[in-house]
Structure formats: structure tokens, C-alpha cells
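# Coordinates in review
As a plain string of letters, each chain reads:
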Amino acid sequence: MKDEWESPYEEDGVTLGPEEALIRESEKTKALKVEKLQLKDTIEKLQSKNDALANDNDSLAKKLRSLTKQSSSNIYPETNQTHTLRWAYLLLTFNLTALIILILFHLK
């Protein structure tokens, strides 16, 4: 109960009257409200920035998946040119083998 009757003190030790104490408390309350609003605004900005970054991340992940699918399907594409080159090498090998066999039989 003694605490209720003690007067609030300022930092420099001067006793505040009830009106000054009330004014000071209302100023503190106003400052806290302003700070709270600024923090809410900051939170909203950060949330919108976070949402934008999440959208960018999703779109980049989709691009990466599509590029990965394309590159995995195009690792060894079977084209007419590679098919023709395989046949050419096969025929060249066959002909050289046959030529070597004929030369060996002819020399015996």
C-alpha cells in the first residue's frame, strides 16, 4: 500500500505531479503505438517480399525441372546422321576385315 502513495520520480530525482506523470505516460503510450504501427508496416513489407521471393523460387524451380527433363531426353538423341555414321563405320570395319582375310589367303 505504501507503493500507491509514493510519487513517481524522474531520472534527475525531481518528483512529478499527477498531471505531469499522466502526460508522460500518455506520451509513452503514443510512442509505443507509433512503434507498433511501424513494426506492423515492416512486417507487412517483409511478408510481401517473402511472398515475391517464394514465387520467384517456384518459377525458377519449374524452369530447372523443365530444362532437366529436356536435357535428359536429349543426352543421346538418335538422329539420322549418327545412325548413318554407325552404319558407315560398321561397313568400313567389315570391308577392311574382309580385305585383310583375302590378302592373307592370297599370300599363302
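What you see is a predicted model, and the numbers here were worked out from it, not measured in a lab. (Residues numbered from 1 in each chain as written. Predicted model: local features only at pLDDT ≥ 70, side-chain atom pairs only at ≥ 80, totals over all residues. Heavy atoms only, no water.)

## Structural notes on the overall build of the protein
Counting its secondary structure elements, the protein contains three helices and zero strands. Reading the protein from its N end, one meets helices and strands in the order α-α-α. Within the protein, the fraction of its 108 residues that count as buried is 2%. (Helix = DSSP H or I, 4+ residues; strand = E, 2+ residues; numbered from the N terminus. Buried < 20%, exposed > 50% of the residue type's maximum accessible area, 1.4 Å probe, protein only.)

## Here's the deal with the pattern of salt bridges
Here the structure, examined in full by the defined rule, presents two salt bridges. Ionic pairing is found between Lys-28 and Glu-25, a salt bridge with its closest N-O pair at 3.8 Å. Here Lys-28 and its partner Glu-25 are both found in helix H2 (residues 18–73), three residues apart, which amounts to about one turn of the helix. Lys-28 gets classed as partly exposed once you look at its relative accessible area, which sits at 44%. Of the charged contacts, one joins Asp-41 and Lys-45 as a salt bridge, the two residues approaching to 3.5 Å between their closest N and O atoms. Pair noted here: Asp-41 and Lys-45 are both in helix H2, with a separation of four residues, about one helical turn. (Salt bridge = Lys/Arg side-chain N within 4 Å of Asp/Glu carboxyl O.)

## With respect to a positive patch on the surface
Together, Lys-30, Lys-33, Lys-36 and Lys-40 line one region of the surface with positive charge. Summarising the element assignment, Lys-36 is placed in helix H2. (Patch = residues over 30% accessible without salt bridge, like charges linked within 9 Å, V, L, I, M, F, W, Y side chains within 5 Å. Areas by Shrake-Rupley, 256 points an atom, 1.4 Å probe, with all protein chains shown as cover. Lys, Arg positive; Asp, Glu negative; His and termini not counted. Charge placed at Lys NZ, Arg CZ, Asp CG, Glu CD.)

## Quick word on the confidence of the model for the protein
Counting all residues, the mean pLDDT for the protein is 84, and 79% of those residues have values of 70 or more. When the elements of the protein are averaged for pLDDT, helix H1 (residues 2–5) gives the smallest value, 54, and H2 the largest, 91. (pLDDT = per-residue confidence, 0-100.)

## Regarding a nonpolar patch on the surface
Together, Leu-85, Tyr-89, Leu-92, Leu-96, Leu-99, Ile-103 and Leu-107 line one region of the surface with nonpolar side chains, adding up to about 730 Å² of accessible area. In this fold, Leu-96 is placed in helix H3 (residues 80–107). Take Leu-96: its relative accessible area is 46%, and that puts it in the partly exposed class.

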